[in-house]
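Summary of structural features
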Amino acid sequence: MTRHVDVLIIGAGLSGIGMACHLTREQTGRSYLILERRTAIGGTWDLFRYPGIRSDSDMYTFGFGFRPWHGTKVLADGPHIRQYVEDTAREYGVIDHIRFGRRVTKASWSTEDGIWTVHVHNEQTGETETYTADFFIGCTGYYDYDKGYRPEFPGEENFRGQIVHPQHWPEDLDYTGKRVVVIGSGATAITLIPAMSKDAAHVTMLQRSPTYIAALPADDPVAVGMKFARVPAALAYKAGRARNIALQRASYQLSRTNPKLSKKLMLAAVRAQVGSGVDMRHFTPSYNPWDQRLCVVPNGDLFRILRSGKASIATDHIDAFTETGIRLRSGEELEADIVISATGLTVQMLGGAALEVDGEAVVTRDLVAYKGSLLSNVPNAMIVLGYTNASWTLKADLAAEYFCRLLNHMRDKGYSQVVAVPEEGDRSEASLMGGALTSGYIQRGDGVMPRQGTRGPWLVINNYFRDRAMLRKGELEDGILRFSRRGQARAAVGTVESRSA
């Protein structure tokens, strides 16, 4: 079974659906197909089903730039986000272009033939399928859907309760009246605490070190005001999006240029929320703001639950699991019926698929990303990775727009192949996502993540305003991108090899 399309997209989450919509919106005239391993649209938002799951970015910037998010909620829950992605796909006729239950195992580029050959495992039939395409786009995100990151806990075999990872939440998990310990202090943990506290006997958040947490109103007051004033939805979305992008960038910039002031302001806001009964050491990280991703809570729900006594925080290290809970290094024991290991993600590129160029295996860590999207010396290929210091979709939208610009330029000029060629010294040792944050999952992913560069379009600075200008208006034929027409492929390969040697 072989299928050929102009553009083959891997993944039907936010990035993949957005890319497909842009192919239509930008009038590229290219045929496309999406291969999705799961049986539904949504990616992350179809996978994660734990209590209270929600976005950790505001919906004005987390929604697509071309399709307004209707609603006033600052943060939206998982089911509504998944529905938004599906509705977008339906509106743009994308659903008929998706093949579900397909796991990509290998993608191979042939310069001589000018095509990608992609081997796929049909998880419904067990058969192997082959697809070919002129362009290969990875929209799989950066983590392993099969397994989350969970360290081996000392003595866990002695624990008589249940240990659960949020990435694989059991549908029948009943925590009513149970004592729950959530290990972790990131976005997943601070979401689980208030959600589970409604039914659990008590929930404890066990953290080795605190995270910066900011409270936001559950409903955006400006969005509520514009809705009350009957401002057209598209205009309200555009205005709210511009405002939030600017605020987001200003907050991040303050933390980079004046971390002491930023830290002082954030901790003062937390102190006002938690009151005098909660020890501030649980909310005072050892690192500067935005060295790791900032966590947000709507209407301070986490702080409210802590004040009520339904939940508590322990800042300590695990000594060992016991039959009835977790013993800490301090000697304190946390009794637990259920332990939730909200310990993070396992980083993986291209959904675990192998990558080849002209018969040679390609290691993603050896590649450097051009404009955060194109892979060095890999023709006609792109990966879509969103921002780490802002909403994912902001960068995913820009990357899709840029790819469509590239396609239309190649069509108009008669080009069939494009490849980004680095010079000596363009590749740095920092990973594509390692320049902005020091989070554990980013450090663990260093072994598979492509590198970023040292200068120009190879350098990743995670600045929406700079990226918008570069990706929407920047010169396409800049001497770094090498274009060729059919019949010129061999000459182009020689150029790439001599330049990257």
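Criteria and cut-off values
Residues numbered from 1 in each chain as written. Predicted model: local features only at pLDDT ≥ 70, side-chain atom pairs only at ≥ 80, totals over all residues. Heavy atoms only, no water. Helix = DSSP H or I, 4+ residues; strand = E, 2+ residues; numbered from the N terminus. Rg over C-alpha atoms; globule rule 2.2 N^0.38 Å. Buried < 20%, exposed > 50% of the residue type's maximum accessible area, 1.4 Å probe, protein only. Contact = heavy atoms within 4.5 Å. Pairing = 2+ DSSP bridges. Axes fitted to C-alpha atoms, helices over the stretch in contact; angles between N-to-C directions. Phe/Tyr/Trp six-rings, centres within 6.5 Å; stacked < 30°, edge-to-face > 60°. Salt bridge = Lys/Arg side-chain N within 4 Å of Asp/Glu carboxyl O. Parallel < 35°, antiparallel > 145°, perpendicular 65-115°, else oblique. Left-handed = near helix turned anticlockwise from the far one by under 90°. Nonpolar A, V, L, I, M, F, W, Y, C, P; charged D, E, K, R; others polar. Disulfide = S-S within 2.5 Å. Lys, Arg positive; Asp, Glu negative; His and termini not counted. Polar contact = N/O pair within 3.5 Å; in protein donor to acceptor, adjacent residues only side chain to side chain. pLDDT = per-residue confidence, 0-100. Core = buried A, V, L, I, M, F, W, Y, C linked by side-chain atoms within 4.5 Å.

Each helix and strand in the chain was counted, giving 13 helices and 25 strands. For 501 residues, the compact-globule estimate of 2.2 N^0.38 gives 23 Å, and the C-alpha radius of gyration of the chain, at 24 Å, lies within 12% of that figure. Each principal axis of the C-alpha distribution contributes one length, and for the chain these read about 75 × 55 × 45 Å. Counting every position in the chain, which comprises 501 residues, the buried fraction comes to 57%. Put simply, of all contacts in the chain between residues at least 6 apart along the chain, 72% involve residues at least 24 apart.

Looking now at the sheet that holds strand β14 (residues 325–328). The strands making up a sheet are joined through hydrogen bonds of the backbone, oriented either antiparallel or parallel. Taken in spatial order, the 3 strands of this open sheet run β13-β14-β15, and their pairing is antiparallel. Taken across any chain shown, the strands that pair with only one partner, and hence form the sheet edges, are β13 (318–321) and β15 (333–335). Strand-to-strand twist in this sheet, taken as the mean axis angle between neighbours without regard to direction, amounts to 25 degrees.

With parallel pairing, the 5 strands of this open sheet are ordered in space as β7-β16-β8-β9-β12. The open sheet is flanked by β7 (162–164) and β12 (311–315), the only strands paired with a single partner. Each neighbouring strand pair of the sheet contributes to a mean axis angle of 20 degrees, computed without reference to strand direction. Pairing of β7 with strand β16 (residues 338–341) involves 3 bridges; the strand directions are parallel. Across the sheet, Ile163 pairs through a bridge with Val339, a residue of β16.

Now for the packing of aromatic side chains. On inspection of all chains with the given rule, the structure shows 22 aromatic pairs. Relative to Phe66, the ring of Phe64 has its centre 5.0 Å away and its plane inclined at 20 degrees; by these criteria the two rings are stacked. You can call Phe64 buried: its relative accessible area is 1%. Measuring from ring centre to ring centre gives 5.8 Å for Tyr464 and Phe465, while their planes differ by 70 degrees; the resulting arrangement is edge-to-face. Look at Tyr464 and you get buried, because its relative accessible area is 10%.

This next bit is on the pattern of salt bridges. All told, the structure shown has 29 salt bridges when counted by the stated rule. Connected through salt bridges with shared partners, the residues Arg37, Arg103, Glu123 and Asp146 form a single ionic network.

Residues Gln417 and Val419 of strand β22 (residues 417–420) are buried on one face, and the alternating residues Val418 and Ala420, pointing to the opposite face, are buried as well. In terms of strand pairing, β22 meets strand β25 (residues 481–484) through 4 bridges, oriented antiparallel. Each bridged residue has a counterpart across the sheet, and for Ala420 the counterpart in β25 is Leu481.

Across the interface, helix α10 (residues 392–413) lies against helix α12 (residues 464–473) with an axial gap of 8 Å and an inter-helix angle of 15 degrees. Here α10 lies roughly parallel to α12, going by the angle between them. Once α10 is placed against α12, the crossing between them reads as left-handed. Facing α10, whose interface residues are Leu394, Lys395, Leu398, Ala399, Glu401, Tyr402 and Arg405, α12 presents Tyr464, Asp467, Arg468, Met470, Leu471, Arg472 and Lys473. Partitioning the contact of α10 with α12 into residue classes produces 7 nonpolar, no polar and 7 charged.

Attention shifts here to the state of the cysteines. Going through the model one piece at a time under the given rule, you end up with 0 disulfides. Of all cysteine sulfurs, the one in Cys404 lies closest to Cys21, which takes part in no disulfide; the gap is 10 Å. Of the cysteine sulfurs around Cys139, a residue in no disulfide, the closest is that of Cys404, at 11 Å.

Before going further, it helps to examine the environment of Glu423. Along the chain, the position of Glu423 falls in the loop between β22 and β23 (427–431). On the accessibility criterion, Glu423 (40% relative accessible area) is partly exposed. Placed 57 residues apart in sequence, Glu423 and Ile480 show a C-alpha to C-alpha distance of 8.6 Å.

A few words on the side chain of Asp316. Relative to the helices and strands, Asp316 resides in the loop between β12 and β13. It turns out Asp316 is buried and unbridged, and the closest side chain with the opposite charge, Arg329, is 6.0 Å from it. Among the polar contacts made by the side chain of Asp316, one reaches the side chain of Ser330 at a distance of 2.7 Å. Once you skip the residues sitting within four places of it in the chain, Asp316 turns out to touch Leu206, Gln207, Arg208, Leu328, Arg329 and Ser330.

With respect to the helices and strands, the residue Ala187 is situated in helix α5 (residues 187–197). Residue classification places Ala187 among the partly exposed residues on the basis of a relative accessible area of 29%. C-alpha separation for the pair Ala187 and Val339, spaced 152 residues apart in sequence, amounts to 17 Å. If sequence neighbours within four positions are ignored, Ala187 has contacts with Asp56 and Cys295.

Let us now look at the confidence of the model for the chain. A residue-level look at the chain finds 95% of positions with pLDDT of 70 or above and a mean pLDDT of 92. Ignoring residues within four places in sequence, the model shows residues 491–501, a span with pLDDT below 50, making 14 contacts including any to other chains.

Right, let's get into the nonpolar core. Grouped together as the largest cluster of nonpolar side chains are 143 residues, with contacts concentrated most on Ile9, Ile17, Val94, Tyr142 and Phe283. Broken down by element, this core gets its largest block of residues, 12 residues, from α10. Apart from the residues within four sequence positions on either side, Ile17 is in contact with Ala12, Ile34, Ile41, Val85, Ala89, Val94 and Ile98. Ranked by size, the runner-up nonpolar core spans 13 residues in total, among them Val181, Phe321, Leu328 and Val339.

Quick look at the pairing of strand β5 (residues 115–122) now. Looking down a regular strand, the side chains alternate between one sheet face and the other. Of the two faces of β5, the one holding Trp116, Val118, Val120 and Asn122 is buried and the one holding Ile115, Thr117, His119 and His121 is not buried anywhere. The pairing of strand β4 (residues 102–110) with β5 spans 8 bridges and is classified as antiparallel. Counted as the bridge partner of Arg102 is Asn122 from β5. Adjacent in sequence and paired antiparallel, β4 and β5 are bridged by 4 residues, among which Gly114 carries a positive phi angle near 70 degrees.

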